[in-house]
Amino acid sequence: MKKIFLFAALIFVFSNASNAQNLWRSEILGRPMDNGITMQLIFSDSAQVRVQYGTASGVYSNQTNWQTFADSVTAEINLTGLTPNTQYFYRVNYRKPNGTGAVNRPEHSFQTQRPTTDSFVFIVQADPHMDASSDTALYRVCLQNQLKDKPDFMIDLGDFLMTDKLLNSSHVVPFDTIPYRCNLLRSKYEISCHSVPLFIALGNHEGEEGWYNNGTANNIAVWDAQQRKKYFPNPFPNSFYTGDTSNTPFVGARESFYAWQWGNALFVVIDPYWYTKPKPDSLTGWRWTLGKMQYDWLKQTLENSNAKFKYIFAHQIVGGDREGRGGVEYADKYEWGGSNLDGTPGWATNRPGWYKPLKDLFAENKVNIFFHGHDHFYGQQKKDCMIYQETPQPSLPNFNYPNSAAPYGYLQGLILGNTGHLRVSVTPNYTKVEYVKAYRPSQETATRHNGDVVATYFINAVNCYDSLNTGSPMIWNSNYADEIVYPNPFQQQTIIEFNLKNPDAVTLDIIDVNGKLVRRLMDNETLNIGKFQVMWDGKNFNQADVSNGTYWYVLKNRNGENKSGKIVLIR
Ligand SMILES: [Fe+2]
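Residues numbered from 1 in each chain as written. Predicted model: local features only at pLDDT ≥ 70, side-chain atom pairs only at ≥ 80, totals over all residues.

Some words on the overall build of the chain
(1) Moving on: If you tally the helices and strands in the chain, you get 8 helices and 30 strands.
(2) Moving on: Among the 571 residues that make up the chain, the fraction classed as buried is 45%.
(3) Moving on: Sequence-distant contacts in the chain: of pairs separated by 6 or more residues, those separated by 24 or more amount to 64%. (Helix = DSSP H or I, 4+ residues; strand = E, 2+ residues; numbered from the N terminus. Buried ≥ 20, exposed ≤ 12 C-beta atoms within 10 Å, placed from the backbone. Contact = placed C-beta atoms within 7 Å.)

Written as structure tokens, this is what we have:
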């Protein structure tokens, strides 16, 4: 590790030899707001920095004052007084403190907060890791793919620092490992985050678990929190964001749980680690907790929001198996679901004075999607009208099978292999989630191309929470059939496949033998040319299992042309 670091440092010195100030960490964006944004750089010598910006490319009608930063100190520049719902172009200038040798960085861009009537795209990725199993070049491709989507921001669901795993020969994590890893992972985010503001949800390998915190200044929970804040600009509570208002010893504002509205959507990032202690095991899942303060903030945040779409982001479910793994199969347990391991009620004894289990709080407030990571594949599941979206890795080339799905407790839903990111489009009328695959050129085949969209689903503005007439159909590109795993017996999921020779708007219904509508899987949804498959889980509008028997699917296009076929369900 040390050799690699020295080599990287040498390259760095050479590449900056012409400038006395060495730009050590280039600009990334964070904390986008209605009227402001933060950009962050780090120099290895003291430097003066300013930012020029405007609303047209190459036309910088505004600029900040020059600010002087000492070497190795995070140069954080806040742009203020911006106009909401506006695209800005900017470039960073830096120079020696005595005012000579100014350098212009390349132009980049960002977007301020969207109004409720506007559409936008955001990105979710999880578990970049950068460990022995990671493919660095593939991660680079994935980040470049994200940039091409022109998202307003990216939310990383954690496990990027991995510091708790990097023990030395004395079986401790040395402090130096933490800034080393911050530098390494930050260098990757710099590929896209100059124009894609970064939000981070903490993972279990960021070292910020309560069980590592011994109450002193010297433990990895505190070191990691301090260094993470130095290298990565997460939000803290202000006029735009809500979050953790506490002042943590040795850390200050922790910037680990926060919420904001963008367009017609509420974004809530939660932290299941800092307050979890001692470390849970397979019999002590109730130890997993947000803590009462975070829980109360979460409840208030959800109840105060009138956003049409609501999304929760966390590295893992608050509970799960002994390692915090799993999706809907663990959703009834512990702080998430209120039951004990054996299924008996446990909420009143384990969370006295708390309102409701998280799952019920989310249902009451109509949360649409819980984005989680930790388990390293694409997994889309649904329970009580909420999608549980396990997010793939951006860096792990296990394209064929997510062998880990069943051992991690996933027995249902659509499971797909790595690698790629989630592209989420939010419009006033629907949320669309797409799984965008990443391949290096040498990894592409006749049917697998970088940027392929292999799974898509929609959540309409009127959805499962509001009425009986919508489902959440899963559509995926059938070229990828060899990557699909069916964890359930086949009788529980039926696949309807179709081709479109022209772009069209498609409605797909399931009717019973009497012609009665049982379920609408797709409701006038616009699709491009291609081959598609839609999963029907054998449930009706009420999410109840339909009885065994014969059903018909009816596929209608924009012009009302029909195709239909028989489906026999035998459980
Ligand atoms: Fe993890």
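Following the structure, the description resumes.
Describing helix α4 (residues 220-231)
(1) Moving on: With 12 residues, α4 ought to run about 16 Å at 1.5 Å a step, and its terminal C-alpha atoms sit 16 Å apart, in line with that.
(2) Moving on: Of all 12 residues in α4, 9 are buried, a share of seventy percent or more.
(3) Moving on: Taken residue by residue, α4 has Ile 220, Ala 221, Val 222, Trp 223, Asp 224, Ala 225, Gln 227, Arg 228 and Tyr 231 as its buried positions.
(4) Moving on: Summarising the contacts, the buried residues of α4 are in contact with α3 (177-189). (Expected span 1.5 Å × (residues − 1).)

Quick word on helix α5 (residues 292-304)
(1) Moving on: Taking 1.5 Å per residue as the helical rise, α5 with its 13 residues ought to reach 18 Å, and the 18 Å between its terminal C-alpha atoms agrees with that figure.
(2) Moving on: Of the surrounding secondary structure, the elements contacted by the buried residues of α5 are β13 (242-243), β14 (258-262), β15 (265-269), β16 (309-313) and α8 (358-364).

Quick notes on the sheet that holds β13
(1) Moving on: Strand order in the open sheet formed by 8 strands is β13-β14-β15-β16-β17-β19-β18-β20, and the pairing between neighbours is mixed. Looking along the sheet, the strands with just one partner apiece sit at the ends: β13 and β20 (414-416).
(2) Moving on: In this structure, β14 lies alongside β15, joined through 5 bridges in antiparallel fashion. Within the sheet, the bridge partner assigned to Trp 260 lies in β15 and is Phe 267. (Pairing = 2+ DSSP bridges.)

A look at unusual backbone geometry
(1) Moving on: The omega torsion of the bond from Lys 277 to Pro 278 falls at -5 degrees, within 30 degrees of zero and hence cis.
(2) Moving on: Assignment of secondary structure puts Pro 278 in the loop between β15 and α5.
(3) Moving on: Cis peptide bonds are those with omega within 30 degrees of zero, and the linkage from Asn 418 to Thr 419 qualifies with 10 degrees.
(4) Moving on: The phi angle at His 129 is positive, at roughly 60 degrees, despite the residue not being glycine.
(5) Moving on: Mapped onto the elements, His 129 comes out in the loop between β10 (120-125) and α2 (136-148).
(6) Moving on: We classify His 129 as buried; it has 22 C-beta atoms within 10 Å.
(7) Moving on: At Glu 255, a position not held by glycine, the phi torsion is positive, near 55 degrees.
(8) Moving on: Position of Glu 255 among the secondary structure elements: in the loop between β13 and β14.
(9) Moving on: The class for Glu 255 is buried, based on 25 C-beta atoms found within 10 Å.

Thoughts on the confidence of the model for the chain
(1) Moving on: On average, residues of the chain carry a pLDDT of 88, and 90% of them reach 70 or more.
(2) Moving on: Contacts of residues 478-490 to residues separated by more than four positions or lying in other chains number 25 contacts, the stretch itself having pLDDT below 50. (pLDDT = per-residue confidence, 0-100.)

Looking at the environment of Leu 138
(1) Moving on: Tracing the backbone through its elements, the reader meets Leu 138 in helix α2.
(2) Moving on: Take Leu 138: there are 22 C-beta atoms within 10 Å of it, and that puts it in the buried class.
(3) Moving on: In this structure the C-alpha to C-alpha distance between Leu 138 and Pro 441, which are 303 residues apart in sequence, comes to 9.5 Å.
(4) Moving on: Residues within four places of Leu 138 in sequence aside, it is in contact with Ser 395, Pro 397, Thr 419, Ala 438 and Arg 440.

Regarding the pairing of strand β30 (residues 562-569)
Every regular strand shows the same layout, with side chains that alternate between the two sheet faces.
(1) Moving on: Counting buried positions along β30 gives 0 out of 8 residues, so the element sits mostly on the surface.
(2) Moving on: Where strand β29 (residues 549-556) lies against β30, 8 bridges are found, and the strand directions are antiparallel. The partner of Leu 555 across the bridge, within β30, is Lys 563.

Describing the packing of α3 against α4
(1) Moving on: Look at α3 against α4: their axes get within 10 Å of each other, and the N-to-C directions meet at 35 degrees. For the pair α3 and α4, the sense of crossing is right-handed. Where α3 abuts α4, its residues Ile 178, Pro 179, Cys 182 and Arg 186 lie against Trp 223, Asp 224, Gln 227, Arg 228 and Tyr 231.
(2) Moving on: Partitioning the contact of α3 with α4 into residue classes produces 5 nonpolar, 1 polar and 3 charged. (Axes fitted to C-alpha atoms, helices over the stretch in contact; angles between N-to-C directions. Left-handed = near helix turned anticlockwise from the far one by under 90°. Nonpolar A, V, L, I, M, F, W, Y, C, P; charged D, E, K, R; others polar.)

Considerations on the sheet that holds strand β27 (residues 517-527)
(1) Moving on: If you trace the 4 strands from one edge of the open sheet to the other, you get β27-β26-β29-β30, paired in antiparallel fashion. Two strands in the sheet have a free side with no partner beyond their single neighbour: β27 and β30. With direction set aside, neighbouring strand axes in the sheet form an average angle of 15 degrees.
(2) Moving on: Pairing analysis gives 7 bridges linking strand β26 (residues 504-512) to β27, with the strands arranged antiparallel. Looking at the pairing, Ile 510 lines up with Arg 519 of β27.

Notes on the nonpolar core
(1) Moving on: By size, the foremost hydrophobic cluster in this structure holds 123 residues, and its most contacted members are Leu 198, Phe 267, Val 268 and Phe 313.
(2) Moving on: Per-element tally for this core: the top contributor is α4, with 6 residues.
(3) Moving on: Excluding residues within four positions of it along the chain, Val 268 makes contact with Ala 259, Leu 298, Thr 301, Tyr 311, Ile 312 and Phe 313.
(4) Moving on: Core analysis: the next-biggest nonpolar cluster, separate from the first, contains 7 residues, Leu 138, Val 141, Ala 438 and Tyr 439 among them. (Core = buried A, V, L, I, M, F, W, Y, C linked by C-beta atoms within 7 Å.)

Notes on the environment of Lys 333
(1) Moving on: Mapped onto the secondary structure, Lys 333 falls in the loop between β16 and α6 (334-337).
(2) Moving on: The spacing of Lys 333 and Gly 320 is 13 residues in sequence and 7.5 Å in space, taken between C-alpha atoms.
(3) Moving on: Non-local contacts of Lys 333, meaning those with residues more than four positions away in its chain, are made with Gly 285, Gly 319, Ser 339 and Leu 341.

Let's talk about the environment of Asp 176
(1) Moving on: With respect to the secondary-structure elements, Asp 176 resides in the loop between β11 (153-156) and α3.
(2) Moving on: With 47 residues separating them in the primary sequence, Asp 176 and Trp 223 have C-alpha atoms 9.8 Å apart.

Focus on the pairing of strand β22 (residues 430-437)
(1) Moving on: Here strand β21 (residues 420-426) runs beside β22; their pairing, made up of 7 bridges, is antiparallel. Bridge assignment links Gly 420 to a residue of β22, and that residue is Lys 437.
(2) Moving on: Where β21 folds back on β22, the antiparallel hairpin that results is connected by 3 residues.
(3) Moving on: The pairing of β22 with strand β23 (residues 453-460) spans 7 bridges and is classified as antiparallel.

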